[in-house]
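Structure assessment
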Amino acid sequence: MLQVTPVRAFTDNYIWLIHSPRDPRKVIAVDPGDASPVRRALAAENLDLAAIMLTHHHGDHVGGVADLLQEFVVPTFGPAAERLPGDPHRLREGDVVDLADLALRFEVLDVPGHTAGHIAYVGHGALFCGDTLFSGGCGRLFEGTAEQMSASLAKLASLPEDTDVYCAHEYTVSNLLFGLAVEPGNVSARDYLENCRAKRARDEATVPSNIRQERNVNPFLRCHQETVKQAAEARAGRRLNRTEVFAVIRQWKDGFRA
Ligand SMILES: [Zn+2]
């Protein structure tokens, strides 16, 4: 199993440090939006930055890259079609990040929707999905369409169910409150909410989640379920196809206050 350390940044971001199985002191930083907490984490644990992987261009994901690259000369990877700091290796679906010296290898998936060129990394039973899939929710549609995001989420939902989901924000509790507004009878979501609230009360991260859990509790992965479809149709006041169900609950969530 992959060893991954969370680094908290800003109010609710997670920058993930993926440890090399060969030399756990060497780490890949995923989406370092801020260099300072990464530096502190590296110093505190006596770690060495070995690479940087980026999922999309938003400042809270790439803001620390230039700063880190001044101190560490490391390979950087990012989406093919987005404006990014540094000079990253440009990746799209089908590409592989193969860091043989770290014994780490990740496949790249295109997951447009939150941004037009958003990518995700899958390997070693783990998914690093930036702001596409959150535990209990999904990213806002800033650049892509509902159709694109819906397809991107379906792609992630089809990964092996024991795949750990390392998303980039601690949004789980508020996402689950929304999910229960959509599906009040979802017992798995209710249990999971209780569990996550207890973790937050202890100031623990609720993530990583995994694909099995998300299929059970995340309304955005459940647009094909009759309960979610009915809730969306009641809200829209008409019959909806699957993409429309997704679009309606995404819009519902945008205006939802728990
Ligand atoms: Zn973002």
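Shown above is the structure to which this text applies.
Predicted model, so just to flag it, every value in this text is computed and none were measured. Once a new chain begins, its residue numbering starts again from 1 and follows that chain's sequence as written. Thresholds applied to this predicted model are a pLDDT of at least 70 for local features of residues and 80 or more for the giving and counting of side-chain atom pairs; totals over whole chains, interfaces and linings are not thresholded and use all residues. By convention in this description, side-chain values take in all heavy atoms of the structure and omit both hydrogens and water.

1. Details of the sheet that holds strand β13 (residues 164-167)
A pair of strands counts as paired when DSSP detects no fewer than two bridges linking them. Runs of H or I in DSSP of at least four residues are treated as helices and runs of E of at least two as strands, each being numbered from the N terminus. Here we have 6 strands laid out as an open sheet, ordered β7-β8-β9-β10-β13-β14, and mixed in their pairing. Of all strands in the sheet, those bounded by a partner on one side alone are β7 (96-99) and β14 (209-210). Where β13 lies against β14, 2 bridges are found, and the strand directions are antiparallel. Residue pairing in the sheet places Val165 in a bridge with Ser209 of β14. Strands in contact with helix α4 (residues 146-157) are β8 (104-110) and β10 (126-130); relative to β8, the strand with the most contacts, it is inclined by about 145°. Any two residues whose heavy atoms approach within 4.5 Å at even a single point are treated as in contact. Only the stretch in contact is used when a helix axis is fitted, and all axes are lines through C-alpha atoms; the angle between N-to-C directions ranges over 0 to 180 degrees.

2. Overview of the sheet that holds strand β4 (residues 48-53)
Taken in spatial order, the 6 strands make up an open sheet running β1-β2-β3-β4-β5-β6, and their pairing is mixed. A strand with exactly one partner marks an edge of an open sheet, and here the two such strands are β1 (4-9) and β6 (89-91). With strand direction ignored, the average angle separating the axes of adjacent strands in the sheet is 30°. Inspection of the sheet shows β1 paired to strand β2 (residues 13-19) by 6 bridges, in the antiparallel sense. Within the sheet, the bridge partner assigned to Val4 lies in β2 and is Ile18.

3. Comments concerning the layout of surface pockets
With a 1 Å grid laid over protein atoms only, a set of points is called a cavity when a 1.4 Å probe fits there but cannot get out and a pocket when it is open yet has protein on both sides within 12 Å along at least five of seven lines; lining residues have an atom within 4 Å of a point. Grid points are joined across faces, edges and corners, and a volume is the space filled by probe spheres set on the points. Size it by volume and the largest pocket reaches roughly 330 Å³. In this structure, the largest pocket is lined by 19 residues; those nearest its centre are Arg140, Tyr171, Asn175, Arg250 and Lys253. Ranked by residue count, the leading element in the lining of the largest pocket is helix α9 (residues 242-254), at 3 residues. A breakdown of the residues in the lining of the largest pocket according to their chemical character gives 6 nonpolar, 6 polar and 7 charged. For the second largest pocket, the calculated volume is near 160 Å³. In terms of lining, the second largest pocket is formed by Ser150, Leu153, Ala154, Ala157, Phe220, Leu221, Arg222, Cys223, His224, Arg242 and Phe246. At 4 residues, the largest contribution of residues to the lining of the second largest pocket is made by α4. Grouping the constituent residues of the lining of the second largest pocket by class yields 7 nonpolar, 2 polar and 2 charged. Three classes are used: nonpolar for Ala, Val, Leu, Ile, Met, Phe, Trp, Tyr, Cys and Pro, charged for Asp, Glu, Lys and Arg, and polar for all others, with Gly counted as polar.

4. Thoughts on the coordination of the zinc ion
Metal coordination here is assigned from N, O and S atoms located within 2.8 Å of the ion, or within 3.2 Å for Na, K and Ca; omission of water means that sites may look incomplete. For the zinc ion, the full set of protein donor atoms is His56 (NE2), His58 (ND1), His114 (NE2) and Asp131 (OD), and the range of their distances to it is 2.2 to 2.3 Å. For the zinc ion, all donor residues lie on one chain, and their spacing in sequence is H-x1-H-x55-H-x16-D. Residue His56 is located in the loop between β4 and α2 (59-62), and its partner His114 is located in the loop between β8 and β9 (119-123); the two are separated by 58 residues in the primary sequence. On the basis of relative accessible area, His114 is assigned to the buried category, the value being 4%. Relative accessible area decides the class of each residue, using a 1.4 Å probe on protein chains only: under 20% of the type maximum gives buried, over 50% gives exposed, and in between gives partly exposed.

5. Side note on the environment of Asp164
Within the secondary structure, Asp164 sits in strand β13. Residue class for Asp164 comes out buried when judged on its relative accessible area of 17%. Here the alpha-carbon distance between Asp164 and Gln213, two residues 49 residues apart in the chain, equals 9.6 Å. In contact with Asp164, other than residues within four places in its own chain, are Met1, Gly125, Ala126, Leu127, Pro208, Ser209 and Asn210.

6. Structural notes on the packing of helix α5 (residues 172-182) against helix α6 (residues 187-201)
Axis separation between α5 and α6 bottoms out at 9 Å; the angle between their running directions is 155°. Classified by the interaxial angle, the pair formed by α5 and α6 is roughly antiparallel. The handedness of the crossing between α5 and α6 is left-handed. From α5, Thr172, Val173, Leu176, Leu177 and Leu180 reach across to α6, where they touch Ala189, Arg190, Tyr192, Leu193, Cys196, Arg197 and Arg200. A breakdown of the residues in the contact of α5 with α6 according to their chemical character gives 8 nonpolar, 1 polar and 3 charged. The scheme is simple: roughly parallel for angles under 35 degrees, roughly antiparallel for over 145, roughly perpendicular for 65 to 115, oblique for anything else. We call a crossing left-handed when the near helix sits turned anticlockwise from the far one by less than a right angle, and right-handed when that turn is clockwise.

7. A closer look at the pattern of salt bridges
For salt bridges, the criterion is a side-chain nitrogen of Lys or Arg within 4 Å of an Asp or Glu carboxyl oxygen. Within the structure shown, the criterion is met by 15 salt bridges. When the shortest N-O distance is used, the salt bridge between Asp203 and Arg8 registers 3.1 Å. With a gap of 195 residues between them, Asp203 in the loop between α6 and β14 and Arg8 in strand β1 connect regions that are remote in the sequence. Connected through salt bridges with shared partners, the residues Arg39, Asp67 and Glu71 form a single ionic network.

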